[in-house]
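Analysis of the macromolecular model
Residues per chain are reported as follows:
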Amino acid sequence: HFALNVGTSGAIRTISPQAQVDQDARYFCYPASKRQFLLGGPVNNGGIVLDWARRTLTLLNEKATVKDFLRLAKSAQVGSNGLIFLPYLGGERAPIWDANARGSFVGLTRQHTKADMARAVIEGIIFNLYDAATGLIESTKKPAAINATGGFMQSDLIRQTCADIFDVPIVTMKEQQSGSLAAMFLARQALGLNKNVDEIGRFVEKGKVYYPNQKEAAIYQKLFPLYREIKNDLAASYQKFRDINTI
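Described below are features of the structure shown in this document. The structure presented is a predicted model; accordingly, all values stated were derived computationally and were not measured.

Moving on: the nonpolar core. Counting residues in each nonpolar core, the largest one holds 54 residues, and the members touching the most others are Ile-122, Ile-158 and Phe-166. For this core, the element with the highest residue contribution is helix α3 (residues 114-139), accounting for 13 residues.

Right, here's the structure in full:
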């Protein structure tokens, strides 16, 4: 399994029995124990981008709630009518590692609505997480499922969109403070109270599972290569934006 935690920022992680260093530096690798290594891709742009969109796109009303924004996004079609959003509002770590990166809507027309833009924001955030996960998948294998935690992951719409974009089941966790839980378990290992990392399952209670909708997953599999193409095409422009702003 992979672990996906998204709050203000986010990360996608997995455990490997051996160190795996990516030549393109797409993910980190460090010891989790004497016999296991943690591989992962951290991203800057999680719930903080959702909050920006909530304040900016929802009826021009900063008092609009997250539920208002999600309701607006849900009213748009899957794929946002071909509108793609790059969520790099705060630069980005994995997978592009560029502090100068900027966010953008690409493919915008007069026919697009606020609902399309709202849904594109959610899809863009998750495309970025999936992009960060591709290096892990290539170095290990596609996960059987992803355990999901964090404030960003609390809505049915976002959980289902994750399942459709990653094309694997998303398993919710009753315990949302996954980092604290892991730290507690590592302390138990250090004290000799637990030996194997698999024993952490005794402390975990799973919640609802979201399975991919194959029709919607197929739409995202067509859109994702375009998302990556746009990402790569715009990469050379970010330094120029920075230079303009420092004149």
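Okay, the packing of α3 against helix α4 (residues 156-166) next. Close contact between α3 and α4 brings their axes to 10 Å; oriented N to C, the two are set at 45°. In terms of orientation, α3 and α4 fall into the oblique class. For α3 against α4, the interelement crossing comes out right-handed. Here Arg-119, Ile-122, Glu-123, Ile-126, Phe-127, Leu-129, Tyr-130 and Ala-133 of α3 come into contact with α4, specifically with Leu-157, Ile-158, Thr-161, Cys-162, Ile-165 and Phe-166. In terms of residue class, the contact of α3 with α4 is made up of 11 nonpolar, one polar and two charged.

This next bit is on the pairing of strand β3 (residues 28-31). Note that β3 and strand β4 (residues 37-43) share four bridges and pair antiparallel. Its bridge partner lying in β4, Phe-28 is registered against Gly-40. Hairpin connection of β3 to β4: five residues between the antiparallel strands.

Turning to helix α1 (residues 47-57), its buried residues are Gly-47, Val-49, Leu-50, Ala-53, Arg-54 and Leu-57. In a view along the axis of α1, the buried residues occupy a sector of 150°, so they form one face of it.

Right, let's get into the sheet that holds β3. Sheet architecture is open: seven strands sit in the order β3-β4-β2-β1-β7-β8-β9, paired in mixed fashion. Each edge of the sheet is formed by a strand with only one pairing partner; in this case those strands are β3 and β9 (206-210). Between one strand and the next, the sheet's axes are offset by a mean angle of 25°, whatever the strand orientation. Alignment of strand β2 (residues 10-16) against β4, held across seven bridges, turns out to be antiparallel. Note that in β4 the partner of Ser-16 across the bridge is Phe-37. Sitting on the sheet, α3 touches β1 (2-6), β2 and β4, and the angle it makes with β4 is about 155°.

How each quantity is defined
- Residues numbered from 1 in each chain as written.
- Predicted model: local features only at pLDDT ≥ 70, side-chain atom pairs only at ≥ 80, totals over all residues.
- Heavy atoms only, no water.
- Core = buried A, V, L, I, M, F, W, Y, C linked by side-chain atoms within 4.5 Å.
- Buried < 20%, exposed > 50% of the residue type's maximum accessible area, 1.4 Å probe, protein only.
- Helix = DSSP H or I, 4+ residues; strand = E, 2+ residues; numbered from the N terminus.
- Axes fitted to C-alpha atoms, helices over the stretch in contact; angles between N-to-C directions.
- Parallel < 35°, antiparallel > 145°, perpendicular 65-115°, else oblique.
- Left-handed = near helix turned anticlockwise from the far one by under 90°.
- Contact = heavy atoms within 4.5 Å.
- Nonpolar A, V, L, I, M, F, W, Y, C, P; charged D, E, K, R; others polar.
- Pairing = 2+ DSSP bridges.
- Arc of directions from axis to C-beta.

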